[in-house]
Amino acid sequence: MTDPPTLDMDRLKEFVEHVYGFLEGGVVSGMIYLGDRLGLYQALRDAGPVTSEQLAQRTGLHERWVREWLRCQAGAKLVAYLGDGRFALSVEAGLVLAEENSPAFAAGGFHSLPQQFAVLERLPEAFKTGRGLPYDAFGPEGAVGIERFLAPWFRTFLVPLVLPALDGVVPKLERGAQVADVGCGAGVALLEMARAYPRSAFHGYDISVHALERAAANQAAAGVSNVTFHDARHDPLPADGRFDLVTSFDCIHDMTHPDAVMRAVRQALKADGTWVIADINAKPTFEENLERNPVVAMMYGMSVLSCMSSALSEPGGAGLGTLGFSEPLAREMTAAAGFTRFRRHHFDNPVNAYYEVRP
Ligand SMILES: C[S@@+](CC[C@H](N)C(=O)[O-])C[C@H]1O[C@@H](n2cnc3c(N)ncnc32)[C@H](O)[C@@H]1O
């Protein structure tokens, strides 16, 4: 017989602090959302050291609210407090919180926080029925949030780094190729490629009405004409081997039936075509993810909020989830769909693994 566990008061205190740390993180996340939405970070970056009065004046906001927000930011060490009521954003914080085009920009990840937390009201039902919510449950702002979260890396690295690393793809794009992005979301990656390769034709496929609306708006703003977006539910990928290149960024693990999509991609690709899959750099087992992923709790939490939920949003959904599509599974599933070549690339992306898959 082992002794029953005893209550250790120090451990209890530590654990209470640990738990409140998550509440603090949640609340500060909400404040980052407000700073991003109200343009406070940009104003701070542009102004240099300021008082709350000066920042309120620059942004046209009420000083008392700005002061409380600044004090929270200083407490969270996001904004530096310089004394005498003056606050400043460091160069690094400016890149992460205020510079939308920096590859380090992270404030976009907070864009749809209200919509993500709002679905918490609907998730108890999902736990009971097993049925999740598609991406459209987050509304139009959900699509913008994903776009702002993922776009910085695509804008900086997709065309100069990823495409040239693929076997024979850039010469085809230069000459004029047929390209599809499956799970294209708001179309940022596709528009980047379309701008770089005007002789090629680009097709985006998604099932989210909000993402496709956003994609159409982004296309109009970019003034790019060699892109067509398709609602994959009514206008699926053609099964006639016409594409030279298919891309899928951060979406296989979200799909209800990734195996069927893989077979469709195989049929849509030319015999010498290429499929690039970027997906979360997940380890094959929960134990490895737990040990080696520094943001493992955030990943599994995002899975419940959106990725796994989306992947279970139809009957019989695979439910892979955020950390559910590891390299061994990617190899196994693509082989089962009829692909014979599989190569992993290392692009120093902090989140994604890149796979070059060929018939
Ligand atoms: C996390 S988002 C990524 C969007 C985009 N690739 C990006 O990087 O911004 C996942 C996308 O996959 C889409 N999706 C899920 N299942 C799909 C399917 N069967 N066919 C096409 N798109 C799908 C969702 O609607 C959502 O827009």
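So, here is what we can say about the structure in this document. (Residues numbered from 1 in each chain as written. Predicted model: local features only at pLDDT ≥ 70, side-chain atom pairs only at ≥ 80, totals over all residues. Heavy atoms only, no water.)

**Considering helix α4 (residues 63–75)**
The following threshold applies: Helix and strand definitions here come from DSSP, where helices need a minimum of 4 consecutive H or I residues and strands a minimum of 2 consecutive E residues; each element is numbered from the N-terminal end. Multiply 1.5 Å by the residue count of a helix minus one, and that product is the helix's expected span. Each residue is assigned to one of three classes by its accessible area relative to the maximum for its type, calculated with a 1.4 Å probe on protein chains only: buried under 20%, partly exposed between the two thresholds, exposed over 50%. In this description, the arc belongs to the directions extending from the helix axis to the C-beta atoms. Only heavy atoms enter the contact rule, under which two residues are in contact if any of them lie within 4.5 Å.
With 13 residues, α4 should cover 18 Å at 1.5 Å per step; its first-to-last C-alpha distance of 18 Å lies within 8% of that length. Among the residues making up α4, those that are buried are Glu63, Val66, Trp69, Leu70 and Gln73. Considered in projection along α4, the buried side chains sweep an arc of 125° and stay on one side of the axis. Along α4, exposed side chains directed more than 90 degrees from the buried face belong to Trp65 and Gly75. Of the surrounding elements, those touching the buried residues of α4 are α1 (9–37), α2 (40–47), α3 (52–59) and β3 (86–88). Just downstream of α4 lies Lys77, where phi reads positive at about 60°.

**Considering unusual backbone geometry**
Even without glycine at this site, Asp84 takes up a positive phi of about 55°. As for its position among the elements, Asp84 is in the loop between β2 (80–83) and β3. For Asp250, which is not glycine, the phi torsion reads 55° and is therefore positive. Among the secondary structure elements, Asp250 is positioned in the loop between β7 (243–249) and α12 (258–268). A residue is classified by how much of its surface remains accessible, and Asp250, at 12% relative accessible area, is buried.

**Things to note about the sheet that holds strand β1 (residues 50–51)**
Applied cut-off: For two strands to be treated as a pair, DSSP must find no fewer than two bridges joining them.
Ordered in space as β1-β3-β2, the three strands form an open sheet in which the pairing is antiparallel. Both outer strands of the open sheet, β1 and β2, are each paired with one neighbouring strand and no more. Relative to β3, β1 runs antiparallel, the two being bridged by two bridges. Note that in β3 the partner of Thr51 across the bridge is Arg86.

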